[in-house]
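Architecture and fold: a report
Below, each chain spelled out in residue letters.
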Amino acid sequence: MNYRIDENGFYGKFGGAYVPEILHRCVTDLQKAYLPILESEEFKQQYRQLLRDYVGRPSPLYYARRMSERYGCRLYLKREDLNHTGAHKINNTVGQILMAKMMGKTRIIAETGAGQHGVATATVCALMDMECEIFMGATDVKRQHTNVERMKMLGARVTPVTTGNMTLSDACSQAIRDWCSHPKETFYIVGSTMGPHPYPEIVARMQSIISEELKTQLAEKEGRNWPDYLIACVGGGSNAAGTIWHYIDDSRVKICLAEAGGHGIHTDYTAATMHCGTEGIIHGARTLVMQDDDGQIKEAFTISAGLDYPGIGPMHAHLATTGRTQILAINDDEAIRAGYELTRLEGIIPAIESAHAVAALRKLTFKPEDVVVLTVSGRGDKDIETYLSHSDMAKEETDHKKTQE
Ligand SMILES: *Cc1c(COP(=O)(O)O)cnc(C)c1O
């Protein structure tokens, strides 16, 4: 089975570039430019240096002793939460802004939902002295106020989007419209493994540093450079793509990805695209989409703003439908409980997105010698209020402690 992209920008039947005529030139320019840039010494040298000195890589691979005891395996956490700006997103924005510079672009645009990708983009724009405009649904502007302030402080213009449900999906559409109006000077920094070809591939390659580091780190700690299990959460799919990139063709490695179940996959309040979606086109790519019988895209619901997207990257649609990856839907309450669990057992407060991956542990059965690597995609500082509004779920952890004593 071929899991990689083909010459037309498809992963199996998913992917491609479905864009309006006016963007055709931009997209084909990027399709021609991206690989030569990524493979150039100039790019590699600058990208590696920024990842090391600015982002703080390599991110640690941490052996989680108490969690390992609880789940009966050898559990390691890949600590993307320790990166500058608090998540994996900066790996991608650092790379794409270098690409934009090398293509002679002068203006950066991006979409954001929770504001994490907006902050990571505004950050690299400050670093590189580039004009920056961030599109954000008006609902999210209200919900994620501190991230809006951070972007403004970094010098970005934040434009609220008032179409549709005024959330991430609408922000993406607005960014694409803006790109259509200023195609020549503008570079669109896409935040996840989604959008028209070559974006899913560009973002996956920028994040592949995660599994590149895993190989060296596992060899050091376990004497072999592969794990038995990889676990990550999926919104659009970028931290998951980076986590699995160097292991996709290695059948020894089982891959389990956690998508946001919301209140449950049998309710209307869900973002579990791979459980509930059907084939369709969203934001320039053929993939799995949550849509109604008329092909209208449905709104996604989850407690986690970063997973709140009715589509999924085409690479993941292919990996899931061919059976390479196992997809687990994790509901809001399961994620919150898992977030408290990691906090109380290891002293690490994960982003609620990442807590979905942690919750996957209890749905899997391990052998004691299994090496399990779980990516903590981001830190939970932004989610403290949400966690505290469900503090009844911390009780389970406290009760568990008491029974152990
Ligand atoms: C944005 C975000 C995600 C979801 O995005 P992916 O592209 O699926 O990785 C997950 N975790 C955190 C912390 C995020 O900020």
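Residues numbered from 1 in each chain as written. Predicted model: local features only at pLDDT ≥ 70, side-chain atom pairs only at ≥ 80, totals over all residues. Heavy atoms only, no water.

**Things to note about the domain arrangement of the protein chain**
By domain assignment, the protein chain separates into domain 1 (25-51 + 89-203) and domain 2 (56-86 + 207-404). Of note, the centres of domain 1 and domain 2, computed from C-alpha atoms alone, are 23 Å apart. Taken together, the contact between domain 1 and domain 2 spans 31 residues of the former and 29 residues of the latter. Here domain 1 and domain 2 share an interface that buries about 2400 Å² over both sides, 53% of which is from carbon and sulfur atoms. If you sort the residues of domain 1 by the area they bury against domain 2, Leu51, Asn91 and Thr193 come out on top, with a joint share of 22%. At the boundary of domain 1 with domain 2, the tally comes to 2 salt bridges. (Domains from an automatic or database assignment. Contact = heavy atoms within 4.5 Å. Buried area = accessible area lost by both parts, 1.4 Å probe. Salt bridge = Lys/Arg side-chain N within 4 Å of Asp/Glu carboxyl O.)

**Section: the side chain of Arg324**
Locating Arg324 in the fold gives a position in the loop between helix H13 (314-321) and strand E13 (325-331). Of the side chains with opposite charge, Asp250 lies nearest to the buried Arg324, which makes no salt bridge, at 6.2 Å. Polar contacts involving the side chain of Arg324 include one to the main-chain carbonyl oxygen of Tyr247, which spans 3.2 Å. In this structure the side chain of Arg324 is engaged in a polar contact, spanning 3.0 Å, whose partner is the backbone oxygen of Asp250. With near-sequence residues (within four places) excluded, Arg324 lies in contact with Tyr3, Tyr247, Ile248, Asp250, Ser251, Val253, Ile255 and Leu319. (Helix = DSSP H or I, 4+ residues; strand = E, 2+ residues; numbered from the N terminus. Buried < 20%, exposed > 50% of the residue type's maximum accessible area, 1.4 Å probe, protein only. Lys, Arg positive; Asp, Glu negative; His and termini not counted. Polar contact = N/O pair within 3.5 Å; in protein donor to acceptor, adjacent residues only side chain to side chain.)

**Topic: the environment of Lys363**
Here Lys363 is to be found in the loop between helix H15 (352-360) and strand E14 (371-376). The class for Lys363 is partly exposed, based on a relative accessible area of 37%. A sequence separation of 86 residues divides Lys363 from Gly277, and the C-alpha atoms of the two residues are 22 Å apart. If sequence neighbours within four positions are ignored, Lys363 has contacts with Leu328, Ala329, Ile330 and Glu334.

**Digging into the sheet that holds E13**
Taken in spatial order, the 6 strands of this open sheet run E3-E4-E14-E9-E10-E13, and their pairing is mixed. Strand pairing shows two members of the sheet lacking a second neighbour, strand E3 (61-63) and E13, which therefore form its edges. On average, each strand axis in the sheet is inclined to that of its neighbour by 25 degrees, with strand direction left out of account. Packing of helix H14 (residues 332-346) onto the sheet brings it into contact with E3, strand E4 (74-79), strand E10 (254-262) and E13, and relative to E13 it is tilted by some 95 degrees. (Pairing = 2+ DSSP bridges. Axes fitted to C-alpha atoms, helices over the stretch in contact; angles between N-to-C directions.)

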